[in-house]
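Read off the chains here:
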Amino acid sequence: MKAMVCVKRVVDYNVRIQVKPDESGVVTEGVKMSMNPFDEIAVEEALRLKEAGKIDEIIAVTIGPQQAQEQLRTALAMGADRAILVQTDEAVQPLTAARVFAELAGKEEPGVVLMGKQAIDDDQGQTGQMTAALWQRPQATFASKVEIEGESAKVTREIDAGLETIEVDLPAVITTDLRLNEPRYVKLPDIMKAKKKTIDNTTVEELGVEAAKPLKVTRTAPPPARQGGKKVESVQELVSELKNKGLI
Amino acid sequence: MSKVLIIAEHDAGKLSAATGKAVRCAQDLGPEALEVAVFVHEGGDDVAGAAAKLDGVTRVLKVTDPANENALAAVLAPQVASLVQDGYTHVLVGNSTFGKDLMPRVAALLGVPQVTDVMKVEGEYVFQRPIYAGNAITTVEAPGDQVLCATVRGASYPAAGEGGNAEVEDRQVDAEIPQHTRFVGREVHKSDRPDLATAPKVVSGGRGVGSEENFKIIYSLADKLGAGVGASRAAVDAGYVPNDMQVGQTGKIIAPELYVAIGISGAIQHWAGIKDAGTIVAINKDEEAPIFEVADLGLVADLFEAVPELEKALD
Ligand SMILES: Cc1cc2nc3c(=O)[nH]c(=O)nc-3n(C[C@H](O)[C@H](O)[C@H](O)COP(=O)(O)OP(=O)(O)OC[C@H]3O[C@@H](n4cnc5c(N)ncnc54)[C@H](O)[C@@H]3O)c2cc1C
Ligand SMILES: Nc1ncnc2c1ncn2[C@@H]1O[C@H](COP(=O)(O)O)[C@@H](O)[C@H]1O
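Residues numbered from 1 in each chain as written. Chains lettered and ligands numbered in written order. Predicted model: local features only at pLDDT ≥ 70, side-chain atom pairs only at ≥ 80, totals over all residues. Heavy atoms only, no water.

A.B. asks: In this structure, what is going on with the pairing of strand 11 (residues 148-152) of chain B? I would like to understand it.
C.D. replies: On a regular strand, each side chain points to the face opposite its neighbour's, so the side chains alternate between the two faces of the sheet. Residue and element names in this part refer to chain B. Most of strand 11 sits out of view: five of its five residues are buried. As paired elements, strand 7 (residues 114-118) and strand 11 share three bridges and run parallel to each other. Its bridge partner lying in strand 11, Gln114 is registered against Cys149. (Buried < 20%, exposed > 50% of the residue type's maximum accessible area, 1.4 Å probe, protein only. Helix = DSSP H or I, 4+ residues; strand = E, 2+ residues; numbered from the N terminus. Pairing = 2+ DSSP bridges.)

This is the structure in structure tokens:
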């Protein structure tokens, strides 16, 4: 059984992003880019499933610019077997991404598609569910535990009220939450070894996928500023400030 | 004119607060019809009745099917998609984990994009939504010739009032329900404290609290204030508290009147969850902690001294 893992190139989570002065977007030039943290967790989960003998091949996939190869290389260095770059210089919104992934899933026939629960750039949180719908397969979102037994997977999900466990027939889409696992660090020899692994190149058009009508982003503005930074010297002072504000 | 369908979220006969907020958001669309769909496996009169009371709601549709017992997205999505074909222009749901799981599946079945986390309605198809953990706000325009699917950011809206009196109608939907997804169980952390998502006051602890045992002082202060309790990701990861208490970009996004962050450094991902709070208080022993840059009232102190002292001062 194969696993397909979708990894997105995003601004590194440690970067404090800047909005462009003309409000046309966020500055990404010269900014550190990384694999979306949730996608690292997805790759790690695939590796663990492979180590446990549940799957035998891991395919990492990304949709993005030529430079997104770097994130595929990271996935290969972590232990993925091969990779596919669906190259595009345009920003791809979730519905179009899902059409691409559903198309690739139809071709590759993975037993599981692992994705992040959200990409931390656009915070959409849609692509996994959309891929599952278009592929007409189950979805297990926000996973904190995955157990594959034969033809199905038992997945524990982080929900607002606590934890929920569902069972889904395979193939299925699973999206990862933070506590599913802790991704391994890549070691130098692995990076060298990964250079020999193949990355196939294709495009949205080549896959015969029709891009969805996008949401037009007409403005990107900084959030309203907050006045913070005031300090109090003691608990008593804190209490009287809170009393003044009518909060206690 | 828009005709809006809200998908109700409910549990054990109670309508969720997120649903009331979604209704409040929908009012800003100035809709000619604002209907709420309640999917149940049996009964459901309580939930439908609660939805019918929400201000602005013009009709409640109750859809009964044995498969609806456990609110599985794969089971609900085809029913919602089928119902929407009835001339609705907008489908909205709260951005709880229920809504986040369900709505993209509905949107994909309808072949339309989704607007995640609506924080402001600027026009029938124009909305504001946050990106990069709320560090930027985008205005997005959706195609006006397609159904608009959206999730509503709870922290941006109060709940709708409860002065309404809409009629409740039983509705059959024609949808093929898949068998590939089955409910196994749920582990719900019951608490008598105010619900973190909607509490007017919240006290949160971070890694600085140090242990599950030490978290007692956080609970104790919260009880004194009548507050809900939250935590940072680090505190959840370390096992001090269960996952449903996580506040932040990838946990709960809240907007209490008072937020007290104790032993929390103030990472941007945590900040994303509280930036709409009224007054933010931070207690941290490191005066360089980034939380102090954004807190309205900062106290540099050891939490093990300051928190019990604060609790006592509230007597
Ligand atoms: C993709 C992604 C998503 C994330 N999502 C979230 C999220 O939703 N929510 C979230 O919270 N985090 C999230 N994080 C994690 C975030 O980056 C931080 O790691 C986390 O918020 C740190 O938690 P903390 O402040 O409790 O711990 P720390 O950063 O370790 O801070 C502990 C603080 O306690 C103080 N302290 C220690 N002892 C005492 C004492 N005795 N008295 C007073 N103060 C004391 C210290 O000075 C320090 O400032 C996410 C990270 C990633 C990568
Ligand atoms: N362009 C992309 N390339 C690769 N994976 C993606 C892309 N867009 C979305 N994904 C996957 O879908 C998940 C959710 O993304 P989103 O719906 O954009 O929040 C991500 O964590 C990735 O696993």
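A.B. asks: Is there a simple way to think about the domain arrangement of chain B in this case?
C.D. replies: Accessible area lost upon the coming together of the parts is a frequently used measure of interface size. Residue and element names in this part refer to chain B. Here the domain parsing of chain B yields domain 1 (3-171) and domain 2 (201-314). The distance between the C-alpha centroids of domain 1 and domain 2 comes to 31 Å. Counting from both sides, the interface comprises five residues of domain 1 and, opposite them, eight residues of domain 2. Here domain 1 packs against domain 2, burying approximately 610 Å² in sum over the two surfaces, 43% of which is carbon and sulfur. Of all residues in domain 1, the largest losses of buried area upon contact with domain 2 belong to Ala133, Arg153 and Ala155, amounting jointly to 68% of the total for that side. Measuring nitrogen to oxygen at the nearest pair gives 2.6 Å for the salt bridge that ties Asp276 to Arg153. The interface formed by domain 1 and domain 2 holds three residue pairs in polar contact (both at pLDDT 80 or more) in total. (Domains from an automatic or database assignment. Contact = heavy atoms within 4.5 Å. Buried area = accessible area lost by both parts, 1.4 Å probe. Salt bridge = Lys/Arg side-chain N within 4 Å of Asp/Glu carboxyl O. Polar contact = N/O pair within 3.5 Å; in protein donor to acceptor, adjacent residues only side chain to side chain.)

A.B. asks: Explanation requested: the nonpolar core in the structure shown.
C.D. replies: General note: in soluble globular proteins, nonpolar side chains tend to be found buried as a group. Within the largest apolar cluster, 45 residues are counted, with the highest numbers of intra-cluster contacts made by A:Val5, A:Val43 and A:Ile174. Counting residues per element, this core draws most heavily on helix 1 (residues 37-51) of chain A, at seven residues. Counting 35 residues, the second largest nonpolar core, distinct from the first, contains B:Val140, B:Ala150, B:Val152 and B:Ala166. (Core = buried A, V, L, I, M, F, W, Y, C linked by side-chain atoms within 4.5 Å.)

A.B. asks: Would you take a moment to explain the site of ligand 1 for this structure?
C.D. replies: Around ligand 1, the surrounding shell holds 30 residues, and the nearest of these are B:Arg207, B:Ser232, B:Thr250, B:Ser265 and B:Asn284. Taken together, the residues near ligand 1 originate from chains A and B. At 2.6 Å, a side-chain N or O of B:Arg207 approaches an oxygen atom of ligand 1. A distance of 3.2 Å is found between an oxygen atom of ligand 1 and a backbone nitrogen or oxygen belonging to B:Gln249. Summarising the interface, the protein chains cover 86% of the accessible area of ligand 1, which totals 990 Å² for the free molecule. For the shell around ligand 1, the per-class residue count stands at twelve nonpolar, 13 polar and five charged. (Near = heavy atom within 4 Å. Areas by Shrake-Rupley, 256 points an atom, 1.4 Å probe, with all protein chains shown as cover. Nonpolar A, V, L, I, M, F, W, Y, C, P; charged D, E, K, R; others polar.)

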